[in-house]
Amino acid sequence: MATIKLGGNNIETIGTLPKVGDTAPDFDLTAQDLSSKKLSDYRGSRVVMNIFPSIDTNVCATSVRKFNEKATGLKNTKVLCISKDLPFAQKRFVSDEEINNVTNLSDFRDGNFGKTYGVEMNTGALRGLHSRAVVVLDENGKVIHSQQVPEIGEEPDYLSALKPLL
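Here is what the cut-offs are and how they apply
Residues numbered from 1 in each chain as written. Predicted model: local features only at pLDDT ≥ 70, side-chain atom pairs only at ≥ 80, totals over all residues. Heavy atoms only, no water. Phe/Tyr/Trp six-rings, centres within 6.5 Å; stacked < 30°, edge-to-face > 60°. Helix = DSSP H or I, 4+ residues; strand = E, 2+ residues; numbered from the N terminus. Buried < 20%, exposed > 50% of the residue type's maximum accessible area, 1.4 Å probe, protein only. Contact = heavy atoms within 4.5 Å. Patch = residues over 30% accessible without salt bridge, like charges linked within 9 Å, V, L, I, M, F, W, Y side chains within 5 Å. Areas by Shrake-Rupley, 256 points an atom, 1.4 Å probe, with all protein chains shown as cover. Salt bridge = Lys/Arg side-chain N within 4 Å of Asp/Glu carboxyl O.

Moving on, we come to the packing of aromatic side chains. Following the criterion strictly, the structure yields 4 aromatic pairs and no others. Relative to Phe113, the ring of Phe27 has its centre 5.6 Å away and its plane inclined at 80°; by these criteria the two rings are edge-to-face. Here Phe27, found in the loop between strand E2 (9–12) and strand E3 (28–30), pairs with Phe113, found in helix H3 (residues 112–116); they are 86 residues apart in sequence, far enough to count as distant. Under the relative-accessibility criterion, Phe27 is labelled buried at 5%. An aromatic cluster is built from Phe27, Phe113 and Tyr117, whose rings are joined through pairwise contacts.

Here's what the structure looks like:
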């Protein structure tokens with residue numbers, strides 16, 4: 001379990017993120033077209049998982065915009081923006097913002113991603129949603145960067161997340 005903050009108040013997550021060197025667990029998330037996507041679908045590509053509570057909050061939306069901008073120059077890299085938002089909300093956001101370098105995926109069906117990756121918040125006002133975190137994988141699904149953002153209202157460390165991919 002990780003202890004993070006929301007507005008200075010302690011919140012606990014259900015577990016901890018995979019650590020550098022771990023093999024990332026597979027997942028079953030929902031794409032904007034309601035199809036199922038698994039981590040194994042991205043095997044052979046480097047993967048940045050931008051995990052957050054909701055696309056409809058300022059910091060979450062900013063992280064999607066920034067990763068979209070920075071993904072343009074990354075070779076053989078897929079950026080997955082993962083939340084519990086419905087695919088319809090994710091689709092509206094990327095359409096309105098003209099976001100086209102990231103893939104939004106939803107954990108709304110069963111929440112197993114949040115549990116498996118240890119990011120589901122189990123206390124506080126946002127309990128049930130994902131905490132803010134970034135997990136970066138190499139082409140073989142090994143974790144090469146992992147960050148649990150300590151304060152939900154803060155952005156992730158983009159430079160540290162992307163440095164192993166440069």
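So, about the side chain of Asn68. Tracing the sequence through the fold places Asn68 in helix H1 (residues 58–71). Excluding residues that lie within four positions of it along the chain, Asn68 makes contacts with Ile99, Asn100, Asn101 and Val102.

What follows covers a nonpolar patch on the surface. On the surface, Leu34, Leu86, Phe88 and Phe108 cluster together to form a nonpolar patch covering roughly 370 Å² of accessible area. Mapped onto the secondary structure, Phe88 falls in helix H2 (residues 87–97). Accessibility expressed as a relative area gives 54% for Phe88, which makes it exposed.

Within this structure, the stated rule accounts for 6 salt bridges. In this structure, the salt-bridge partner of Arg65 is Glu97, at a minimum N-O distance of 2.8 Å. Remark: Glu97 occurs in helix H2 and Arg65 occurs in helix H1; sequence separation between them is 32 residues. What makes Arg65 partly exposed here is its relative accessible area of 32%. Taking the shortest distance from any N to any O, the salt bridge between Glu155 and Lys66 comes out at 3.0 Å. Highlighted residues: Glu155 in the loop between strand E9 (143–148) and helix H4 (158–162) and Lys66 in helix H1, separated in sequence by 89 residues. What makes Glu155 partly exposed here is its relative accessible area of 32%. Three or more residues are tied together by salt bridges with common partners; here these are Lys84, Lys115 and Glu120.

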